[in-house]
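Listed below, chain by chain, are the residues.
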Amino acid sequence: MCTAPGTTNSRITTLQSGTTIIISETRNGWYHISANSISGWVSADYVRIL
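Remember, it's a predicted structure, so these values are computed and weren't measured experimentally.

How each quantity is defined
- Residues numbered from 1 in each chain as written.
- Predicted model: local features only at pLDDT ≥ 70, side-chain atom pairs only at ≥ 80, totals over all residues.
- Heavy atoms only, no water.
- Core = buried A, V, L, I, M, F, W, Y, C linked by side-chain atoms within 4.5 Å.
- Buried < 20%, exposed > 50% of the residue type's maximum accessible area, 1.4 Å probe, protein only.
- Contact = heavy atoms within 4.5 Å.
- Helix = DSSP H or I, 4+ residues; strand = E, 2+ residues; numbered from the N terminus.

Counting residues in hydrophobic clusters, the biggest one holds 5 residues: Met1, Tyr31, Ile33, Val42 and Val47. In contact with Ile33, other than residues within four places in its own chain, are Met1, Leu15, Ile21, Ile22, Ile23, Ile38, Ser39, Gly40 and Val42.

Set out below in C-alpha cells:
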C-alpha cells in the first residue's frame, strides 16, 4: 500500500493475501483502500474482487 497512486511513491505497509479491504476511490488502475485501520493506494493488479 502506497501514499499515492504510482510506482515511485513510498510504501506504507504490505497486506497479507486474503485481507478484506474497502475500496473508496479508483484512479488509472489504482485503488484507494482501507484495511486494518490504514488507508492508502494499491495497484489494481494486486486486488482480487470477489
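On we go.
Along the chain, Ser43 turns up in strand β3 (residues 38–43). In this structure Ser43 comes out as buried when scored by relative accessible area, which is 12%. Among residues more than four places away in sequence, those in contact with Ser43 are Gly29 and Trp30.

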